[in-house]
Each structure stands twice: as structure tokens, then as C-alpha cells.
There are 2 protein chains.
Amino acid sequence: MAGGEKKKSGGGGKKKEVKKETGLGLSFTKDENFGEWYSEVVVNGEMIEYYDISGCYILRPWAMSIWENMQTFFDAEIKKMKVKNCYFPLFVSPGVLQKEKDHIEGFAPEVAWVTKSGESDLEVPIAIRPTSETVMYPYYSKWIRRHRDLPLKLNQWCNVDGFCTANLMLDCRSREFLWQEGHTAFATKEEADTEVLQILELYRHIYEEFLAIPVTKGRKSELEKFAGGLYTTSVGAFIPNTGRGIQGATSHCLGQNFAKMFESMVWQNSWAYSTRTIGVMVMVHGDNKGLVLPPKVSALQVIVIPVPYKDADTQGIFDACAATVVTLSDAGIRAEADLRENYSPGWKYSNWEMKGVPLRIEIGPRDLANNQVRAVRRDNGEKTDISRVFLVEQVKGMLDKIQQNLFDVAKQKRDACIEVVKTWDEFVKALGQKKLILAPWCDEEEVEKDVKARTRGEMGAAKSLCTPFEQPELPDGTKCFASGKPAKKWTYWGRSY
Amino acid sequence: MAGGEKKKSGGGGKKKEVKKETGLGLSFTKDENFGEWYSEVVVNGEMIEYYDISGCYILRPWAMSIWENMQTFFDAEIKKMKVKNCYFPLFVSPGVLQKEKDHIEGFAPEVAWVTKSGESDLEVPIAIRPTSETVMYPYYSKWIRRHRDLPLKLNQWCNVDGFCTANLMLDCRSREFLWQEGHTAFATKEEADTEVLQILELYRHIYEEFLAIPVTKGRKSELEKFAGGLYTTSVGAFIPNTGRGIQGATSHCLGQNFAKMFESMVWQNSWAYSTRTIGVMVMVHGDNKGLVLPPKVSALQVIVIPVPYKDADTQGIFDACAATVVTLSDAGIRAEADLRENYSPGWKYSNWEMKGVPLRIEIGPRDLANNQVRAVRRDNGEKTDISRVFLVEQVKGMLDKIQQNLFDVAKQKRDACIEVVKTWDEFVKALGQKKLILAPWCDEEEVEKDVKARTRGEMGAAKSLCTPFEQPELPDGTKCFASGKPAKKWTYWGRSY
């Protein structure tokens, strides 16, 4: 079948022929050429389309629906927490950006400046928002006049420009992406601390329950925290193929630093997740046949394909396909039939495998005769004949299993990459093996800088990824892997996106 | 009460005192100084906040929730029509913008150009999207390779820059606003024609059923249609206070003009509505106490306010308020109680009247004793005592009545402005009286240009608003009001936003 698993030896040539013939299939494998595989799979899977401006991509409906499924969940959850949506302008005046010096240093090299409107030069150039802390907070001090105006909890769903190094196109620098950014203000640190973790739990939920990706909840080091904030928590994922960690979403406590700047004494948080989530999902689950989508986020959960044979009751098969879709849809399962007549069943299989639909249902003459359908799982290729009498419960059960299996397999692969090290030599060796390294650390900023300096190279330097909230035991006398000083905590280290 | 109706004679001074004392109330009346009244009501009603870049405004949660309520409806409806959401980049390369000459002429003077990234000048400046026809359609020709790839129906919810003359801040030029833009491609003109009207009906629904604003469905003249398109339909509203028509939303058939440019022969439509809808709503329903929100779109439908007296059972009253909110919320009514202790009931009344909440429920000692609540309608001030036994059904009934009454009153006011004219003299007189003018017209572009030229003045020229689909009888021999040539149709004329 086009797009099928490619053997290591000599498969390349054959593969390209198949691709040419059908317009399907991938020219690269995930193991051999991860970067090219990724670029190809997001385009062939119809998630994105390249655009004529560098760093910009079109989010096609197949990706957008995943974003919308996550958004529906997250938006409802934050509304339960009394967070309200708002919309701040895209344009930012230069003075506002420069308000917080540490903060802006991270963004300035990337900021896009509008200097002309039509044919006229602007008197003062205006920036396109990178992130909205300094944009929003002057208004917070205006709106928060009395203690009783607290808490103030706002969120916006919007596009942001030029600050993210890793988005849907993970290997490239993406100029613009979609995200939500929550910005909240409280009277006390306790309230702020509590919210930071509530939001982080929602992010874990999105990754683990929706995208079937195992993540680690933890705290970022001083060097890696959000510039200008008090502390940063994150959910971190890991890509075994490249041996790189990736920050999945962050929930920051900003403390009173920004508030002071704008002359109020509130405690502030900000938190965000972006379309990068979709990129991580593609990297973790995709295979050599294309995308593999978790049922919970996939626009389509079941694709029904008729498999007519010569002399068979073609109309009966097509009708059974249509009836199957109705039955599943009525039960709340997102199902469609691919009844196009100009494509062979085999072509359709490859097409929907490329797009990663979790479950394929085939109906041929034998199925029709036996009042059954054949269900084929995208995640592991398993085939099951299902009586049409038990269609809904069986399909529901299979979708649940697929969701769980994707998570289990991803977790197994991730866990297999974790290497506990205690010395610098072990650390260097594990880094060379693309491991997710858990090491005892003295928690000193200078030591992290030193680790970065000593591991600088073609692949990029290693850095701390996060200090997991769930800490293994740290026996007395344990020493920092890098400095030899007394260790204070276990921290994940590695290269990252 | 602060913010109450102001008498014409000498009310101004007293009013400002009240405003100063309570921080509530409006300094301007809708009838006397519409523009100032509008600017004040959207800010004091917490819909928008001014921003430090000209033409940009912050959409606060009170406005955003209205946008979200309309979005939930519209998004579900277009999904039923198999329209899929996508997201195209904010940035546009200059070549793309210049593809369609007629089309771009309308936008070019307004386009914002990014010329710098960080400290570096860009080799080629990039534009911020005004509207996405020329941005999207090159990709449409890529995606539509065969007849069976049709229809292609995409929509995006996004921010747009600098092309709208009238948005939430209706009197100013708004740089950035939120909208949806649908872009569809069909094999036949019939399919495209059908969709144009289906979408227009959804826009009518939003205006009439959600925003309680009467609109006229019709077709724009050749001069006023979307540049580069085949024909434009619109829903048009009218603002009696200023005597100006306002285009509420448009559904365009683009014909094959854009398709030819990108070398395909499909029939295309595009359609959009924006946050302007909210501005129209404020203008139509607002009064001298502030905003008046239709129950269907208001974030809050009922505000419950305790009215404690000395020696009364204050705790009992507060408990009754909280219980009332629970009862209403459980029945799906959006209700909250204002239990803040530092504000008087009178202050709270004014506050929530300013914000336009459709129904206020007051609970005082007498209400508590009688197991009743007092309901006060925002639209007409009507007070009703409701037994708590029948709370839900009575409140539901009142909200329905408020929604209907807002529409009826708006329609009455709008209809009272319609003037049927047959001659140029009648036309000029009606225009001076700020009427919505219905006149027989020869439908010639030169004649419309002539009407514009002859009415040019301080208030702006008159133009055709739309030719309503519902045409009154046009007796044989009827002459055009402007040219004296045989009339072909009845068309609405007037000044517009």
C-alpha cells in the first residue's frame, strides 16, 4: 500500500515511485530523516500549507479543527474559574514595549515594526504584539482601583508575532502563531500560586487526555524562567526521535514586578499555550504512513470506505456505508464516508492513513452479507470484524482504546529515554545518546550557565528543562552532577526546541 | 438617580454633579450630542477602553461576550453548511495585494506595512492583511485540482487591519477589528448564488433575532458593490439619531473574476461580519442611562440586587439573592447577584443600568416577607412583583418580552424615518430631514455619481444604500427621482457610515 512502512534497505526508490503514482506516501521516514519527514507529513496530511512569506504557514481545516477541539475544552474550563475573554489590539507603541527591560530583551530582536500606512510614513513606528504583559498591565492599574476590584482575570485568544522559536513548524522559526494568553491579578500571593497550578493542570489535561502526550509538570530554573517574572511552571514533553525536550505550555507567577512598574501592588500571573501543541502531537504520534491523530482531537474519528468488487451489490455497499455514518453520527461519533467513485479503496486507505483518522471502517460484499463491518485501527493496524448490531458500543470502545494506547506507547517511548545520571561523565554520555536526563543539581544559575557553555556544539547546548514537582528521593550527601556541590533537587536536563 | 433621563432645560449642570459624585452617569444625551454620547456610553458601559494608538481600542469582556454569543450561533450554522475554519497568516506579500487592481484600490491607502524586524530592515516590506481575497485564492487554485475538489468552503475568525471606516467606534476610523471572513468556491453560479442568500439570512438572523435590530436585505449598486466582485448583497441598518444608513454585513458573489486571475474557472463568494455589529447595537438601543443590551447577547441577563434596610433581616435578604441566582442559573438564565457591601442599592442600579443588563431583580424586606422579588426592565423601566414560586417562568417570559420589545421599538423608529420620494426636490428635502429615502431609480452608475456630486457637503454625500429584495410595486411610467429616465427599481438612499 502506498505510504506503508518502508524497509531500511533499498525501500527509498520504490517508495518514491509509489508516491509519484498515487500522489500519496512520504519520501522520508521518521527514523532516518526526522526533519524532512515532519515537513512532509504536516503538508501531505493537510495540516498546513507553505506560504509565500518566510516563517508563515496556513493552518488548514485539518489542523484548525484540532485547535478548536482543545479550545472548546480550555475556554469552558477557564470560564468556570471566572476568567473572562477580552481582546487587546495587535499594535503596540514602542514606549510600552520598553517598559520592562529584562522582559523586552528576549523579544526585541524579533519584533515586527510597522512604519508605513499606505504611502505615508508613520510619525512613530508601531510594533506587532509579541506577548501582551506590558501592553495590558497599564490598563490593569486603571481598572483595579480598589481592593474589591480584585481578582481581575482576563484571557485572549489571538495571533502573536515573532517570538516563538518552535511552533507548528517545529524546526523552523515561526513568525506568527495562534495562542491564548491569560493575564490575572490577585490581592494575595496565595491566590496567584493556586491559580498557577490550576492552569498548569489544565495544560496537563490538554496534553495527556486530549493529545495523548505524556508531560512532566515542573518548575523552570531561574535562567529559563519567563523574563521579568517571579517563577515559571511548565508542562514539558520529549521527542525521542531527536532527543529534545519541548516546553508544552507555561503558567507563570509574575509576582509584583510588573505591578510595581504600573504602580499597583497586586500579584500577577500569565499563562499560555499555542498551536505548538499540534506540532508536538504530530512529532510524537506520526509514523511513516503519515499523521496519527488521537480520537479526542481529530476532526474525524471514523472514516467509512466502501470496498466494492466486480458483480457485487455496489449500491448495497454504498448504502451500508451511508447508514453506518448515520448510526455513528447519531451516537455523537465524528464519522464520514468516502464515497468518491474515482478513487480505489486502496488509494482511499492511504489517503486517510496519511491524514491520521483514528479508525477506518471498510464495508465489502462479505461484510454486507454478514451484516458486519471491518474496523482497522490507525495506531497499530489491528483489524476487527464488528457486527452492525453492536456497532456503536464497539466503535466507542475502540476509540477509547486507541486514545489510551497512543498515550501508553508515547509514555513507554519517553520513559525509555529517561536516564538518571549522577556525574558529569554520565551526563555527557547520556546527552550523546539523546536522553532525557534526570540529574541531582545544586540549583545555581552559574552552574547552569557553565553546563551550557561546556555542551555548546553543533546540536545546541544542553540546558535545564524543568525540576519535576514529583521528586525522587534525594539522599543526604548527594552531589550536583555538574558542580560537585551539595545537590538540592532532581532536575531534567537535555537539548530542547 | 444618577444617569437618569436628562430634561432639555438646564439639566446639564445637575447631571455633571451627579456624575462626579457617583462616578456613574453620562455627561451627554443621545438626542443632543449623539457622537459624544456614543463615545461615553461604550467606555462607561465597559465595552471598550481607549488605547494609546490612534484607531485601536481594547474590547473588554462586556463587549467580547456579545461577540462570542453571536460567534457561537454563526459558527455552528456555517458548520452545518459544511464550511470549515482555517487560519491564514496576518502578513501579506506586496505582490499578492496588487494582483487585483480594482480590488486593491479601495484598500491601498490604508494598508499597514511592516518594514523592520527588530533592528533590521526587511528586504521586501510586508503588509498586514486588510481582507484576504487575494491572499487566499492562489492557494485555492492549488487545492482545487479537479472538479471533485469542489465545493471548497473555508472561513476564518480573525483580526483585520485598517480598512473599515466604521467599526465599534463608529464615528472614528478603526484600524483593527475582529471579524469572520468566509471564502467559498463552487462549480456553478447557481450554487454560489444560493449560498450568498443563505449567508445573508444568517446575518439577518444575527441582527434581528440576536441584536434586535431591524435590517433590510438587498443588493448594492454597481458603484457600492465589493471592488472586483460580481454583485454584493447586504443587510442594512439605519441610525435614526444621525439619519445614516449602515451596512451591517455583506455577502458577495465574486463571480469568476478572482478565479480567472488565479487560473481556475470556479465561482466564488466571500462574506463577512465584524465587531461593527456591536457598535450598531449600542447606537440603536442605548439611552441616556447607558447601554441597553438584548437578552440574547448579553453576558448577564439578570442582575440581582439586595436592598437591605436598617433593622431588616440583612442576612436573609442576601441569602434570598444568592438563592435566586442559583434558581435562575439552573434554568439556564445568565444571572448574578451584586452583593458588594460598600455600594448602595441606588449606586448599583445605576451601575447595571449603565452596563445595560436587561432585567434587574431587587430583593428588600417586604419582598422577603412576601416571598417575592421585584423585577425592573432595563428597556422601559417597568416594575413587576414576582412570586418566587413562579420565578423562572416569569423571568423567562420577561426576557422574551424585552427582546421582542427592543426589536419592535427599533423597527417603529426606523420605519418612522422611511420617506418615499419621487422627485429630486422631495429627495433633497427628505435628506435634510435625515430620512431613510426610498426612491425609484434608473439604476445607472453615472446617475448615482451625479447624486453624490450634487449632495456633497459638510454632512457627506448621499448614496444608494441598497435595493431591497422586497420591492414595492413600480407602476409603468415611473421615473427616476434623479435622472427622470424610466425607473427600474426602488432603492434606498441616504447618508451612511
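Every value quoted in this text rests on a predicted model; they were computed, and no experiment measured them.

Teacher, can you tell me more about the environment of Asp311(B) here?
The residue Asp311(B) is located in the loop between β13 (302–306) and α10 (314–330) in this model. Spatially, the C-alpha atom of Asp311(B) lies 9.6 Å from that of Pro365(B), the residues being 54 residues apart in sequence.

Would you take a moment to explain the interface of chain A and chain B for this structure?
Where interface size is quoted, it is often the accessible area lost as the parts come together. Listed as interface residues are 54 residues of chain A and, on the opposing side, 54 residues of chain B. Contact with chain B buries area across many residues of chain A, yet Tyr87(A), Phe91(A) and Arg148(A) alone supply 14% of it, more than any other trio. Taken together, chain A and chain B are joined by 4 salt bridges. Between Lys142(B) and Glu49(A) there is a salt bridge, and its shortest N-O distance comes to 2.8 Å. For the interface between chain A and chain B, the tally reads 32 residue pairs in polar contact (both at pLDDT 80 or more). Among the elements that take part in the side of chain A that touches chain B, strand β5 (residues 112–117) of chain A stands out by supplying 6 residues, more than any other.

Honestly, the domain arrangement of chain A in this entry has me stumped. Any pointers?
Residue and element names in this part refer to chain A. Annotation of chain A at the domain level lists domain 1 (34–285), domain 2 (302–414) and domain 3 (421–495). Each of domain 1 and domain 3 has a C-alpha centre, and these two points are 27 Å apart. If you look at the interface, domain 1 gives 19 residues, while domain 3 gives 18 residues. Both faces considered, domain 1 and domain 3 share a buried interface measuring about 1,500 Å² in area, 59% of it formed by carbon and sulfur atoms. Scanning the region where domain 1 abuts domain 3 turns up 2 salt bridges. Taking the shortest distance from any N to any O, the salt bridge between Glu224 and Lys463 comes out at 3.5 Å. Connecting domain 1 to domain 3 are 9 residue pairs in polar contact (both at pLDDT 80 or more). Mapped onto the side of domain 1 that touches domain 3, the elements with two or more residues apiece are α7 (189–210), β9 (216–219), β10 (231–239) and β11 (244–255). The element that contributes the greatest number of residues to the side of domain 1 that touches domain 3 is β9, accounting for 4 residues. Looking at side-chain class alone, the side of domain 1 that touches domain 3 contains 4 nonpolar, 9 polar and 6 charged residues.

Even after reading the chapter, I still don't get the packing of aromatic side chains, so can you show me in this structure?
For any pair of aromatic rings, geometry is given as the distance between the ring centres together with the angle between the planes. If you walk through the whole model with that rule in mind, you get 54 aromatic pairs over all chains. When the centroid spacing of 5.1 Å and the interplanar angle of 65 degrees are considered together, the rings of Phe481(A) and Trp493(A) count as edge-to-face. With a gap of 12 residues between them, Phe481(A) in the loop between β20 (463–468) and β21 (489–496) and Trp493(A) in strand β21 connect regions that are remote in the sequence. In this structure, Phe481(A) and Trp493(A) share a single accessibility class: buried. In this structure an aromatic cluster arises from ring pairing among Tyr51(A), Phe88(B), Tyr137(B), Tyr139(B), Tyr140(B), Trp143(B) and Phe258(B). It is Arg454(B) that lies over the ring of Trp424(B); its NZ or CZ is 3.8 Å from the centre.

Basis of the calculations
Residues numbered from 1 in each chain as written. Chains lettered and ligands numbered in written order. Predicted model: local features only at pLDDT ≥ 70, side-chain atom pairs only at ≥ 80, totals over all residues. Heavy atoms only, no water. Helix = DSSP H or I, 4+ residues; strand = E, 2+ residues; numbered from the N terminus. Contact = heavy atoms within 4.5 Å. Buried area = accessible area lost by both parts, 1.4 Å probe. Salt bridge = Lys/Arg side-chain N within 4 Å of Asp/Glu carboxyl O. Polar contact = N/O pair within 3.5 Å; in protein donor to acceptor, adjacent residues only side chain to side chain. Domains from an automatic or database assignment. Nonpolar A, V, L, I, M, F, W, Y, C, P; charged D, E, K, R; others polar. Phe/Tyr/Trp six-rings, centres within 6.5 Å; stacked < 30°, edge-to-face > 60°. Buried < 20%, exposed > 50% of the residue type's maximum accessible area, 1.4 Å probe, protein only. Lys NZ or Arg CZ within 6 Å of the ring centre and 35° of its normal.

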